[in-house]
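# Structural overview
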Number of protein chains: 2
Amino acid sequence: MSTNDLDQSAAELGMGGNLAPESDDAGYRKRMERRQQVQKQRVEERNKEKGLILVFTGQGKGKTTAGLGLVLRTLGHGERVAIVQFIKGGWEPGEARALKAFGDQVRWHALGEGFTWETQDRERDQQLVERAWQTALEYLRDGAVKLVLLDELNVALKLGYIDAATVIHGLKERPTLTHVAVTGRGAPAELVDAADLVTEMTLIHHPFREQGVKAQAGIEF
Amino acid sequence: MSTNDLDQSAAELGMGGNLAPESDDAGYRKRMERRQQVQKQRVEERNKEKGLILVFTGQGKGKTTAGLGLVLRTLGHGERVAIVQFIKGGWEPGEARALKAFGDQVRWHALGEGFTWETQDRERDQQLVERAWQTALEYLRDGAVKLVLLDELNVALKLGYIDAATVIHGLKERPTLTHVAVTGRGAPAELVDAADLVTEMTLIHHPFREQGVKAQAGIEF
């Protein structure tokens, strides 16, 4: 069976649990055994190893946070990580303190100073982004770094401080097994097309907006 | 101005950057100064501190990963964290190894054994979920724990192994400043209604499906 046929087969076999169609346990077990076989085949068919471009975008929460989760996982596998923050940096974030536990295994550069609307000098902002991008390029080219997190780069793109073609060209300079994660609202179409995995975070509820709740340690920073 | 009026005002003032309407720097600076004032007021108006229910759901990637990012931030603030995994647990994940760096500050329970379709015994699955929920309740009631991550609980709900009313009742037992994050596809409507912040992750590209790429260390586990 092809990879797509296996996907189809898995979908037809369906999920387990109490919503399953069988009322008898023997029938359930049989279907789940078949499902397990199909799943094993699916994993075997997909055996390519490659460095991925992952994009977390959209208006919802969890974009930077998902990037940090990838950082934590990669560190857990003993690999090196580099983080370049393009926009934030006005506060001392909890994550920066937490990552100190990993010493030299992680490099952190908070190159954006405060949010963009807190500065009144476009030229300076542009220079900050250019400096951040040069730092990013060094890590992208460094084969010893397994994951490069370019935090809020999408916002720098959206504000016109760097163009998508420059970014995509830079991403292509990295070694074949290096992963790169790009976060921020408004990922441009060119970056979405170049990416291997794009997740859009959609806001459903927000306590700041609806309840007057303040930004809290651990959640927002 | 009310909180909502301030939001409106911030939206009208717009964003900075090279897409801004002013061609002169003085005009730009003036608008951005006003924007900064409005932003300051918005933050001041929102001053309530409370423990939040955060839900990460949807078909996209990054749900568990976003939960892990919250864990990392909370640890960085010196607070205690508890993680209860309802479904996964068949592999030794990178995050488990990484979190060992934080010693007793974090408790991790991988109570689900493998994915649901890898077991053929519904009764056993149900018991695993019930055991995981009892563990979760202990942490939810423990005021010393700042963040409780209930990983893949939504999937246990979706499969009918626990009902939404039981979960919501349990979440209400926690002290007022405890945050709880719930991840997994298919969050039920009752949980979405009870939550303070719900983010839906939507899949745009997926390398497994489209390119035959295997699950890779740091990205998937």
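The following refers to the structure shown. (Residues numbered from 1 in each chain as written. Chains lettered and ligands numbered in written order. Predicted model: local features only at pLDDT ≥ 70, side-chain atom pairs only at ≥ 80, totals over all residues. Heavy atoms only, no water.)

### Focus: the overall build of chain A
- Tallying secondary structure elements over chain A gives 9 helices and 6 strands in all.
- Total accessible area on chain A stands at roughly 9400 Å², and carbon and sulfur atoms take up 47% of it. (Helix = DSSP H or I, 4+ residues; strand = E, 2+ residues; numbered from the N terminus. Areas by Shrake-Rupley, 256 points an atom, 1.4 Å probe, with all protein chains shown as cover.)

### Structural notes on the side chain of A:Arg174
Residue and element names in this part refer to chain A.
- By secondary structure assignment, the location of Arg174 is in the loop between helix H7 (164-171) and strand E5 (179-183).
- Here Arg174 is buried and forms no salt bridge, its nearest opposite-charge partner Asp196 lying at an N-O distance of 4.7 Å.
- A distance of 3.1 Å separates the side chain of Arg174 from the backbone oxygen of Gly51, its partner in a polar contact.
- Only 2.8 Å separates the side chain of Arg174 from the backbone oxygen of Thr178, close enough to count as a polar contact. (Buried < 20%, exposed > 50% of the residue type's maximum accessible area, 1.4 Å probe, protein only. Lys, Arg positive; Asp, Glu negative; His and termini not counted. Salt bridge = Lys/Arg side-chain N within 4 Å of Asp/Glu carboxyl O. Polar contact = N/O pair within 3.5 Å; in protein donor to acceptor, adjacent residues only side chain to side chain.)

### Comments concerning the pairing of strand E1 (residues 53-57) of chain A
- E1(A) sits mainly inside the fold: 5 of its 5 residues count as buried.
- Here E1(A) shows no split at all, with A:Ile53, A:Val55 and A:Thr57 on one side and A:Leu54 and A:Phe56 on the other all buried.

### Some points on the packing of helix H3 (residues 63-76) of chain A against helix H3 (residues 63-76) of chain B
- The interhelical angle for the contact between H3(A) and H3(B), taken along N-to-C directions, is 80 degrees, at an axis separation of 6 Å. Regarding the angle of H3(A) to H3(B), the classification is roughly perpendicular. Contacts from A:Thr64, A:Thr65, A:Ala66, A:Leu68, A:Gly69, A:Leu70, A:Leu72 and A:Arg73 of H3(A) reach H3(B) at B:Thr64, B:Thr65, B:Ala66, B:Leu68, B:Gly69, B:Leu70, B:Leu72 and B:Arg73.
- Counted by class, the contact of H3(A) with H3(B) contains 8 nonpolar, 6 polar and 2 charged residues. (Axes fitted to C-alpha atoms, helices over the stretch in contact; angles between N-to-C directions. Parallel < 35°, antiparallel > 145°, perpendicular 65-115°, else oblique. Contact = heavy atoms within 4.5 Å. Nonpolar A, V, L, I, M, F, W, Y, C, P; charged D, E, K, R; others polar.)

### Details of the pattern of salt bridges
Residue and element names in this part refer to chain A.
- In total, this model carries 10 salt bridges over all chains according to the counting rule given.
- Its salt-bridge partner being Arg141, residue Glu173 comes within 2.5 Å of it at the nearest N-O pair. Of the two residues, Glu173 is situated in the loop between H7 and E5 and Arg141 in helix H5 (residues 122-141); the sequence distance between them amounts to 32 residues.
- Its relative accessible area of 33% is what places Glu173 among the partly exposed residues.

### Observations concerning the environment of B:Arg122
All names here are of chain B.
- In this structure, Arg122 sits in helix H5 (residues 122-141).
- For Arg122, a relative accessible area of 11% puts it in the buried group.
- Sequence spacing of Arg122 and Tyr161 is 39 residues, and the spatial spacing of their C-alpha atoms is 8.9 Å.

### Observations regarding the nonpolar core
- With 42 residues, the main nonpolar core has A:Val71, A:Leu99, A:Phe102, B:Leu54, B:Val71, B:Leu99 and B:Phe102 as its most contacted residues.
- Excluding residues that lie within four positions of it along the chain, A:Val71 makes contacts with A:Val81, A:Ile83, A:Leu99, A:Leu147 and A:Leu149. (Core = buried A, V, L, I, M, F, W, Y, C linked by side-chain atoms within 4.5 Å.)

### A closer look at the packing of aromatic side chains
- Taken as a whole, this structure holds 1 aromatic pair over all chains when the rule is applied.
- Relative to B:Phe102, the ring of A:Phe102 lies with its centre 6.0 Å away and its plane at 70 degrees, an arrangement referred to as edge-to-face. Placement of the pair is A:Phe102 in the loop between helix H4 (94-99) and strand E3 (106-110) and B:Phe102 in the loop between helix H4 (94-99) and strand E3 (106-110), with the two residues belonging to separate chains. With respect to class, A:Phe102 is no different from B:Phe102; both count as buried. (Phe/Tyr/Trp six-rings, centres within 6.5 Å; stacked < 30°, edge-to-face > 60°.)

### Some details on H3(B)
Residue and element names in this part refer to chain B.
- In this model H3 runs 20 Å from its N-terminal to its C-terminal C-alpha over 14 residues, within 8% of the 20 Å that 1.5 Å per residue would give.
- Taking burial as the measure, the 14 residues of H3 include 14 buried ones, the bulk of the element.
- After H3 finishes, the residue Gly78 shows a positive phi value of roughly 80 degrees. (Expected span 1.5 Å × (residues − 1).)

### Regarding the environment of B:Arg141
Residue and element names in this part refer to chain B.
- The exposure class of Arg141 is partly exposed, given its relative accessible area of 46%.
- Between the C-alpha atom of Arg141 and that of Glu173, which follows or precedes it by 32 residues, the distance is 6.1 Å.
- When neighbours within four sequence positions are excluded, Arg141 is seen to be in contact with Glu173 and Pro175.

### So, unusual backbone geometry
Residue and element names in this part refer to chain A.
- For Glu152, which is not glycine, the phi torsion reads 65 degrees and is therefore positive.
- Positionally, Glu152 belongs in the loop between strand E4 (145-151) and helix H6 (153-158).
- With relative accessibility at 11%, the residue Glu152 sits in the buried group.

### As for helix H7 (residues 164-171) of chain B
All names here are of chain B.
- For H7, every residue scored as buried is listed here: Ala164, Val167, Ile168, Gly170 and Leu171. The buried residues of H7 occupy an angular sector of 160 degrees when the element is viewed end-on, so they sit on one face. For H7, exposure combined with an orientation more than 90 degrees from the buried face picks out Ala165 and His169.
- Near the N-terminus of H7, the side chain that reaches the backbone nitrogen of Ala165, with its oxygen 3.3 Å away, is that of Asp163. (Arc of directions from axis to C-beta.)

### Some points on the packing of H5(A) against H7(A)
All names here are of chain A.
- Interaxial distance between H5 and H7 falls to 10 Å at its minimum, and their mutual angle equals 25 degrees. Classified by the angle between their axes, H5 and H7 sit roughly parallel to one another. Contacts from Trp133, Leu137 and Leu140 in H5 reach Thr166, Val167, Gly170 and Leu171 in H7.

### Some remarks on the environment of A:Ala101
- Residue placement: A:Ala101 occurs in the loop between H4 and E3.
- A residue is classified by how much of its surface remains accessible, and A:Ala101, at 45% relative accessible area, is partly exposed.
- Those residues in contact with A:Ala101 that lie beyond four places of it in its chain are B:Ala101 and B:Phe102.

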